[in-house]
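# A structural walkthrough
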Amino acid sequence: MPFSLAAWFMGDMGNIRNIVILTGAGISAESGIDTFRGGGGLWEQHKVEDVATPEAFARDPDLVLRFYDMRREAIQTKEPNPAHEALAQLDSGWKGELLIVTQNVDDLHERAGAKRVLHMHGTHLNAWCTACDVRTPWRDTLVERPPCPECGERALRPDVVWFGEMPYEMERIYGALREADLFVSIGTSGAVYPAAGFVREARAMGVRTLELNLEPSQGTAWFDDARHGQASKLVPQWVD
Ligand code: BJW
């Protein structure tokens, strides 16, 4: 099967008009942002249940806030890589529907210039006040318990989705999948639901599916086609 999108588009695939792209930590790995699982991943230093659950936050808020303060600070020093740039280029030129659904809390898609981006696991650049439910753009630390700019309560947490919480904008994501002709998954291990289930849902609706990842993901067998290697190489090749 031809690899580049142009070849897919011109080939016997029929017209591809609407695209949903799922991205995970692997797309930002070459920008220097740690992935979660595997060698060198964040979960090697922190048990997931200690930092990425509402129970952990209730039990030890300092630990959780420090973990996110550290990551917020680190992410702001990183830059988009050629994979983010290639997707931004695709976004700006693509006439049909296109949605980049990212599980990442970094803003590297946006900083590369992509506009049609949905953060299903939230963003490190917002604080969420659990007292008044308002989200505020946030770049500083949270561990000192600053007051919410809206209501003054010291009830700010990172605006990210932890295990056991509902990811954002699921209706919009499933709506885009229903309309899609192509679903592409980039740099995600396929370990975390509901994102890990999108490929099966897409297939069930007759959507073509492609995986681009460093190695076979947990869901690799579900994809029509899979290419394995670095996102900074594969994604520009695919977009060209
Ligand atoms: C490269 C590369 C390079 C490296 N180039 N590639 C059974 C069925 C369904 C659900 C569940 C279930 N059992 C339990 C659940 C629920 C749970 C879950 O999935 N648990 C699993 C552990 C089984 N899910 C939830 O609780 C979710 N909520 C939920 O289900 O609500 C109910 C609901 C029901 C029905 C519909 C909708 C909702 C919430 C999940 C929240 C996840 N949160 C985190 C933290 C976010 C904040 C933060 O950033 O700290 O999200 S956990 C973490 O994992 C983060 C990531 O977004 C997410 C996925 O990780 P990702 O991106 O795949 O990273 P890695 O590290 O795993 O993989 C990187 C990949 O890149 C690897 O494959 C590398 O090879 C590759 N790579 N370098 C290309 N250079």
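Since the structure is predicted, the reported quantities are computational estimates derived from the model, not experimental observations.

### Quick word on the environment of D60
With respect to the helices and strands, the residue D60 is situated in the loop between α4 (54–59) and α5 (61–76). Judged by the 14 C-beta atoms lying within 10 Å of it, D60 falls in the partly exposed class. Spatially, the C-alpha atom of D60 lies 37 Å from that of E201, the residues being 141 residues apart in sequence.

### Comments concerning the sheet that holds strand β9 (residues 225–228)
Read from one edge of the open sheet, 6 strands run β3-β2-β1-β7-β8-β9, paired in parallel fashion. Each end of this open sheet is capped by a strand with a single partner; those strands are β3 (117–119) and β9. Here the strands of the sheet are splayed against their neighbours by 15° on average, with no regard to which way each runs. Sheet topology note: the strand β2 (residues 98–102)/β3 ladder contains 3 bridges and is parallel. Directly across from T102, in β3, lies its bridge partner H119.

### Focus on the UniProt feature "binding site: substrate" (unreviewed entry) in the protein chain
Residues annotated in UniProt with the feature "binding site: substrate" (unreviewed entry) correspond here to Y68 and R71. Its location among the elements puts Y68 in helix α5. Not counting residues up to four positions away in its chain, the partners in contact with Y68 are H124, L142 and P158.

### As for the site of the ligand
Among the 36 residues in the neighbourhood of the ligand, the closest are listed as G24, G26, Q103, S189 and Y193. Of the residues in the shell around the ligand, the class split is 18 nonpolar, 14 polar and 4 charged. Mapping the shell around the ligand onto the domain boundaries places at least three of its residues in each of domain 1 (1–33 + 80–121 + 167–240) and domain 2 (34–77 + 124–160).

### With respect to the environment of R227
Mapped onto the elements of the fold, R227 is located in strand β9. What makes R227 partly exposed here is the crowd of 15 C-beta atoms within 10 Å. The sequence separation of R227 and L214 amounts to 13 residues, and the corresponding C-alpha distance is 8.2 Å.

Conventions we followed
Residues numbered from 1 in each chain as written. Predicted model: local features only at pLDDT ≥ 70, side-chain atom pairs only at ≥ 80, totals over all residues. Helix = DSSP H or I, 4+ residues; strand = E, 2+ residues; numbered from the N terminus. Buried ≥ 20, exposed ≤ 12 C-beta atoms within 10 Å, placed from the backbone. Pairing = 2+ DSSP bridges. Axes fitted to C-alpha atoms, helices over the stretch in contact; angles between N-to-C directions. UniProt positions renumbered as here; feature names shortened; annotations may be inferred. Contact = placed C-beta atoms within 7 Å. Near = placed C-beta within 6 Å. Nonpolar A, V, L, I, M, F, W, Y, C, P; charged D, E, K, R; others polar. Domains from an automatic or database assignment.

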